[in-house]
Amino acid sequence: MPKWAEVILVPLISLLLAAILSALVILAIGEDPVAAVKMMVEGALGSTYAWGYTLYYATNFMFTGLAVAVAFHARMFNIGGEGQAMIGGLGVALACLYVPWPHWSLGLLGAILAGGLFGAGWALIPAWLQAKRGSHVVITTIMFNFIAASALNYILVNLLKPKGSQDPASARFPEAVHLPTLHELLAPLGINFSKAAPANVSLLVAVAACVLVWALIWRTRLGYEIRAYGQSEPGARYAGISGVRIILISMVISGALAGCMAINNVMGEAERLVLNATEGAGFIGIAVALMGRSHPFGVFLAAILFGFLYQGGAELALWTKIPREMITVIQALVILFTGALDNMVRAPLERIFLAARRGRG
Amino acid sequence: MTGATLSERRETAAPAIELKGISKAFGPVQANRDISIRVMPGTIHGIIGENGAGKSTLMSILYGFYKADRGEIFIKGRKTEIPDSQAAISAGIGMVFQHFKLVENFTVLENIILGAEDGALLNRSMAKARTELVQLEREYGLNVDPDAVIEEIGVGKQQRVEILKALYRRAEILILDEPTGVLTPAEADQLFRVLGRLRAEGKTIILITHKLREIMEITDTVSVMRRGEMTATVKTAETSPEQLAELMVGRKVLLRVDKAPAKPGAPVLEVENLRVVDEAGVERVKGISLNVRAGEILGIAGVAGNGQSELLEVLGGMRSGRGVLRMRGQVMDPGADGKARRAMGIAHVPEDRQREGLIMGFHAWENVAFGYHDDARYRSGMFMNNRALREDTAAKMERFDVRPPDPWLAAKNFSGGNQQKIVVAREIEQNPALLLVGQPTRGVDIGAIEFIHKQIVALRDAGAAVLLVSVELDEILSLSDRIAVMFDGRIMGERLPGQTDETELGLLMAGMSEAAA
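Since this is a predicted model, take the numbers as computed values, not measurements.

Cut-offs applied
- Residues numbered from 1 in each chain as written.
- Chains lettered and ligands numbered in written order.
- Predicted model: local features only at pLDDT ≥ 70, side-chain atom pairs only at ≥ 80, totals over all residues.
- Heavy atoms only, no water.
- Helix = DSSP H or I, 4+ residues; strand = E, 2+ residues; numbered from the N terminus.
- Rg over C-alpha atoms; globule rule 2.2 N^0.38 Å.
- Buried < 20%, exposed > 50% of the residue type's maximum accessible area, 1.4 Å probe, protein only.
- Contact = heavy atoms within 4.5 Å.
- Areas by Shrake-Rupley, 256 points an atom, 1.4 Å probe, with all protein chains shown as cover.
- Lys, Arg positive; Asp, Glu negative; His and termini not counted.
- Charge placed at Lys NZ, Arg CZ, Asp CG, Glu CD.
- Pairing = 2+ DSSP bridges.
- Axes fitted to C-alpha atoms, helices over the stretch in contact; angles between N-to-C directions.
- Right-handed = clockwise from strand over helix to strand, strands pointing away.
- Polar contact = N/O pair within 3.5 Å; in protein donor to acceptor, adjacent residues only side chain to side chain.
- Buried area = accessible area lost by both parts, 1.4 Å probe.
- Salt bridge = Lys/Arg side-chain N within 4 Å of Asp/Glu carboxyl O.
- Nonpolar A, V, L, I, M, F, W, Y, C, P; charged D, E, K, R; others polar.
- Parallel < 35°, antiparallel > 145°, perpendicular 65-115°, else oblique.
- Left-handed = near helix turned anticlockwise from the far one by under 90°.
- Domains from an automatic or database assignment.
- Phe/Tyr/Trp six-rings, centres within 6.5 Å; stacked < 30°, edge-to-face > 60°.
- Lys NZ or Arg CZ within 6 Å of the ring centre and 35° of its normal.

1. Here's the deal with the overall build of chain A
Right, so step 1: Assigned secondary structure in chain A consists of 16 helices and zero strands.
Right, so step 2: Since a compact globule built from 361 residues should have a radius of gyration of about 21 Å, the 21 Å found for chain A is in line with a globular shape.
Right, so step 3: If one aligns the C-alpha atoms of chain A with their principal axes, the spans along those axes are about 75 × 60 × 40 Å.
Right, so step 4: Split into buried and exposed, the 361 residues of chain A put 52% on the buried side.
Right, so step 5: In chain A, the proportion of contacts linking residues at least 24 apart, taken out of those at least 6 apart, comes to 77%.
Right, so step 6: Of the accessible surface of chain A, which amounts to about 16,100 Å², a share of 69% is contributed by carbon and sulfur atoms.
Right, so step 7: Separation of charge centres in chain A, based on 23 positive and 17 negative side chains, amounts to 12 Å.

Next up, the structure:
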């Protein structure tokens with residue numbers, strides 16, 4: 001099978017199948033799938049406002065998708081992106097609240113550092129348990145999601161909540177660390193982007209992260225060791241690559257990426273730390289990495305697709321009688337077809353290409 | 001079934017198996033091309049060929065694992081479709097795989113009825129199986145205790161259980177895939193006696209092997225495969241190993257290693273009282289002392305699983321041991337650290353190239369740096385120097401005749417021999433003071449074996465010390481300058497290749513003490 005078919009055709013057909021099945025489900029609950037698709041496209045891509053939301057979600061998913069992808073190259077299944085992003089949010093909030101940043105750009109750097117460190121720290125514990133004690137990282141990272149949620153709950157209510165406030169959220173961040181939105185960024189270029197949309201400069205950081213992760217995995221010696229360990233543990237032992245080191249480092253990088261998501265949702269959008277700020281983006285990251293085949297470029301595209309689904313689905317729930325749960329169904333179908341049932345599309349396609357080649361030969 | 005006399009059956013009967021024009025392709029690879037073969041009943045028919053010649057594919061088609069693209073199968077003269085292994089079994093075909101398919105903690109009897117139980121309750125079929133089993137054992141001289149647990153009996157016996165499993169399912173045709181790979185020479189002889197008995201009772205046997213000696217010893221007819229085609233079928237009595245080797249490779253092959261006498265120098269590696277305990281807490285190496293001198297090849301013979309692998313892994317830094325290791329007089333930490341070992345001038349061709357020596361998903365050029373990826377020539381700062389690496393790979397591929405010479409091809413897409421050449425090229429070109437080699441030619445075609453042996457001898461002649469571990473006695477005998485035999489984690493004795501033979505080594509490999517040998 002030629003590379004273009006592998007990279008483009010397979011996911012495209014999978015998506016199409018997921019769409020058809022989604023349409024059937026929508027039909028089954030007595031709604032019009034064509035109208036639903038129109039509404040989703042309109043709501044997610046039809047205006048700069050819509051794009052602003054789609055890209056905002058996509059930014060979250062890029063960070064968490066990259067987080068899962070990096071760990072996955074070392075064959076670590078980091079399910080804890082959600083918790084790492086929450087704790088990363090705490091780091092970002094502390095950095096924004098307690099450091100008097102003179103300019104947003106420095107504040108952003110500080111927030112990246114703080115969010116990354118907090119997320120990395122949160123991933124380090126399960127990583128250490130895996131590397132030294134053999135406790136499976138899937139189990140421990142899931143548990144750490146719950147611990148993170150509970151810990152954050154306690155911290156927000158008892159420590160960070162301003163006196164007298166009824167809302168379990170931190171104080172608003174100072175104006176100095178307000179991140180420029182796409183509206184503010186694009187205005188000097190003469191582009192009138194929606195003022196109300198939350199997409200902000202973090203999108204550029206996420207894209208930069210994609211490039212950096214690509215370089216890390218495919219160009220550095222560390223990336224070489226991570227991939228080697230992920231593909232063959234006995235091989236790594238033979239080559240003198242320490243498994244403990246690779247587990248720790250890959251999980252720390254993974255946690256840092258998840259933690260960095262907070263510059264988008266906490267610093268860029270909410271501008272304060274609220275309860276459940278991550279809204280499940282950590283879990284969506286798993287699907288994004290799966291669909292993107294753990295390649296940063298694939299993660300980039302998959303993140304935008306899931307951003308589209310998220311925003312389009314929200315519009316759907318808002319304007320039609322289609323329940324909000326329908327988005328979950330559609331997402332699940334997309335994950336099912338692009339991830340789990342990948343071979344269902346791949347195998348017949350391979351046969352078709354083979355037959356075609358033989359016909360020519 | 002033993003009524004008619006054998007000669008009569010051979011004359012009159014239709015072939016037990018006849019394949020007509022079998023073809024099978026995997027993607028662009030033509031694994032079998034228009035293969036026709038007739039196997040007469042009551043004979044042992046050998047199929048020989050290099051790795052990747054298509055032997056296993058052909059047998060998998062016969063056993064219903066693959067479906068042929070074209071061609072027909074006739075069993076006892078009747079055209080038969082074999083869509084799955086169940087159909088193969090009912091057609092009277094039994095298969096003994098190279099890697100046994102036995103449940104380790106079940107008894108012999110339980111393993112034999114597994115998949116052939118009738119009824120929901122076991123006791124009836126167990127009782128029935130027991131009587132039948134006793135009868136089969138008596139008939140074919142295959143004695144195994146039906147109540148012994150598989151993991152507690154030896155490999156040779158486990159193989160008998162596989163044969164009994166097939167016979168219990170009324171197999172008339174037995175296919176054995178590389179059956180002697182895990183056996184001592186004595187066990188192999190016993191197997192051949194069993195096969196002879198089966199033949200005498202009228203069973204048909206197909207023996208797949210790459211060992212010329214076995215073909216010559218036991219088969220009646222032999223078919224040679226090369227690159228997916230059947231190049232010849234000859235009567236064993238009318239051929240010679242040299243001719244078969246030529247048919248397999250397509251050119252004349254040197255079956256003996258051509259080497260000058262060794263000129264050993266100072267000791268390079270010294271091992272004193274090395275002990276290795278594995279993950280399960282079992283002591284695998286029980287106090288080994290040995291030394292390897294510059295310019296000599298020390299061969300470690302032994303049946304697989306007697307501690308040779310662990311010895312090699314400790315020396316290569318893949319595993320920790322206890323004891324004193326000295327490299328050129330300098331004491332080494334016996335802990336697991338492959339990088340430190342490489343820094344001491346030790347190169348290592350590991351036993352399992354697919355799991356250890358190579359990363360199968362990596363490009364060839366990525367594999368050429370494997371283990372040496374921190375070296376100055378392959379790095380630039382924190383990055384890999386990919387261009388230098390690719391140039392080096394292209395040069396190595398040329399020098400070691402790796403085919404196809406494409407640095408971008410993934411390791412898994414090379415044949416076994418070419419994969420091994422990549423590993424050998426990488427390790428030998430480090431100019432090591434000590435080369436550790438484990439099973440250098442396992443799954444490697446004859447042409448590549450010759451080449452790899454030459455390279456190892458050349459390295460020795462350049463003054464390196466070589467420690468060779470191999471389960472192939474032929475290889476040990478022809479390549480080594482000195483031979484140590486391992487059994488149960490100990491060295492049973494040392495011999496010089498000119499002053500010993502397979503029988504003596506075989507006894508040592510089976511744990512007979514020096515005196516008895």
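Picking up where we left off.
2. Notes on the sheet that holds strand β10 (residues 229–235) of chain B
Across a sheet, strands are paired by hydrogen bonds formed along the backbone, either parallel or antiparallel in direction.
Residues and elements named next belong to chain B.
Right, so step 1: Spatial ordering of the open sheet is given by β6-β7-β8-β3-β9-β10, a layout of six strands whose pairing is mixed. Only two strands of the sheet have a single neighbouring strand rather than two, namely β6 (93–96) and β10. In this sheet, adjacent strand axes meet at a mean angle of 20 degrees when their direction is disregarded.

3. A short note on the pairing of strand β7 (residues 173–177) of chain B
Residue and element names in this part refer to chain B.
Right, so step 1: A large share of β7 lies buried, amounting to five of its five residues.
Right, so step 2: Burial along β7 is two-sided: Ile173, Ile175 and Asp177 facing one way and Leu174 and Leu176 facing the other are all buried.
Right, so step 3: Relative to β7, β6 is paired through four bridges, and the arrangement is parallel. Bridging from a neighbouring strand, methionine 95 pairs with isoleucine 175 of β7.
Right, so step 4: One ladder, built from five bridges, connects β7 with strand β8 (residues 204–209); its direction is parallel. Along β8, the bridge assignment pairs leucine 174 with isoleucine 205.
Right, so step 5: Between β7 and its parallel partner β8, the chain crosses via helix α7 (residues 185–200), and the hand of that crossover is right-handed.

4. What to know about the side chain of Glu214(B)
Residues and elements named next belong to chain B.
Right, so step 1: Within the element layout of this structure, glutamate 214 appears in helix α8 (residues 212–218).
Right, so step 2: With relative accessibility at 4%, the residue glutamate 214 sits in the buried group.
Right, so step 3: Side chain to side chain, glutamate 214 and threonine 209 meet in a polar contact 3.0 Å long.

5. As for the interface of chain A and chain B
Right, so step 1: Listed as interface residues are 21 residues of chain A and, on the opposing side, 31 residues of chain B.
Right, so step 2: For the pair chain A and chain B, the summed buried surface comes to about 2,300 Å²; carbon and sulfur atoms form 55% of the total.
Right, so step 3: Ranking the residues of chain A by area buried against chain B places Arg221(A), Tyr224(A) and Tyr238(A) at the top, with a combined share of 41%.
Right, so step 4: Across the contact surface, chain A and chain B share three salt bridges.
Right, so step 5: For Glu225(A), the salt bridge goes to Lys339(B), with nearest N and O atoms at 2.9 Å.
Right, so step 6: The interface formed by chain A and chain B includes 17 residue pairs in polar contact (both at pLDDT 80 or more).
Right, so step 7: Broken down by secondary-structure element, the contributors of at least two residues to the side of chain A that touches chain B are α8 (202–219), α9 (221–231), α10 (233–239) and α16 (342–360) of chain A.
Right, so step 8: Grouping the amino acids of the side of chain A that touches chain B by side-chain chemistry returns nine nonpolar, five polar and seven charged.

6. Describing the packing of helix α3 (residues 48–73) of chain A against α8(A)
Residues and elements named next belong to chain A.
Right, so step 1: α8 packs onto α3 with a crossing angle of 15 degrees between their chain directions and a minimal axis gap of 9 Å. It follows that α3 is roughly parallel to α8 by the angle criterion. In this structure, α3 crosses over α8, and the sense of that crossing is left-handed. Each of Leu55, Thr59, Met62, Phe63, Leu66, Val70 and His73 in α3 lies in contact with α8, whose residues at this interface are Ser202, Leu203, Val205, Ala206, Val207, Ala209, Cys210, Val213, Ile217 and Trp218.

7. Looking at the domain arrangement of chain B
Residue and element names in this part refer to chain B.
Right, so step 1: Assigned domains of chain B: these are domain 1 (6–248) and domain 2 (267–509).
Right, so step 2: Taken together, the 12 residues of domain 1 in the interface contact 13 residues of domain 2.
Right, so step 3: Buried area between domain 1 and domain 2, summed over both chains or domains, comes out near 920 Å², and the portion from carbon and sulfur atoms is 58%.
Right, so step 4: Sorting the residues of domain 1 by area buried against domain 2 places Glu50, Asn51 and Pro185 first, and these three jointly supply 43% of that buried surface.
Right, so step 5: Joining domain 1 to domain 2, the criterion identifies three salt bridges.
Right, so step 6: Among the secondary structure elements, those contributing two or more residues to the side of domain 1 that touches domain 2 are α8 and α9 (241–249).
Right, so step 7: Along the lines of polarity and charge, the residues of the side of domain 1 that touches domain 2 split into five nonpolar, four polar and three charged.

8. Structural notes on α9(A)
Right, so step 1: Counting buried residues in α9(A) gives nine out of 11 residues, a clear majority hidden from the surface.
Right, so step 2: Those residues of α9(A) not exposed but buried are Arg221(A), Gly223(A), Tyr224(A), Glu225(A), Ile226(A), Arg227(A), Ala228(A), Tyr229(A) and Gly230(A).

9. Side note on the packing of helix α4 (residues 81–98) of chain A against helix α11 (residues 243–260) of chain A
Residue and element names in this part refer to chain A.
Right, so step 1: At their nearest, the axes of α4 and α11 sit 7 Å apart, and the two run at 60 degrees to each other. Relative to α11, the element α4 lies oblique. The two elements α4 and α11 cross, and the hand of that crossing is right-handed. Here Gly81, Gln84, Ala85 and Gly88 of α4 come into contact with α11, specifically with Ser254, Gly255, Ala258 and Gly259.

10. Looking at the packing of aromatic side chains
Right, so step 1: Under the definition given, this model contains 16 aromatic pairs over all chains.
Right, so step 2: Ring geometry for Phe65(B) and Phe97(B): centres 5.9 Å apart, planes at 20 degrees, overall stacked. With Phe65(B) in the loop between α2 (55–62) and β4 (70–75) and Phe97(B) in the loop between β6 and α4 (108–113), this residue pair connects regions lying 32 residues apart in the sequence.
Right, so step 3: Relative accessible area serves as the criterion here: at 16%, Phe97(B) is assigned to the buried category.
Right, so step 4: When the ring of Trp365(B) is compared with that of Trp408(B), the centres are 5.5 Å apart and the planes differ by 75 degrees; the resulting orientation is edge-to-face. With Trp365(B) in helix α13 (residues 364–367) and Trp408(B) in the loop between α14 (386–399) and α15 (416–428), this residue pair connects regions lying 43 residues apart in the sequence.
Right, so step 5: Among the residues examined, Trp365(B) registers a relative accessible area of 5% and is labelled buried.
Right, so step 6: Judged by relative accessible area, Trp408(B) falls into the partly exposed class, the value being 48%.
Right, so step 7: A network of ring pairs unites the aromatic residues Tyr49(A), Tyr53(A), Tyr56(A), Tyr57(A), Phe61(A) and Tyr310(A) as a single cluster.
Right, so step 8: Stacked on the ring of Phe97(B), the Lys or Arg Lys101(B) has its end atom at 4.6 Å from the ring centre.
Right, so step 9: Sitting over the ring of Phe451(B), Lys421(B) keeps its end group 5.0 Å from the ring centre.

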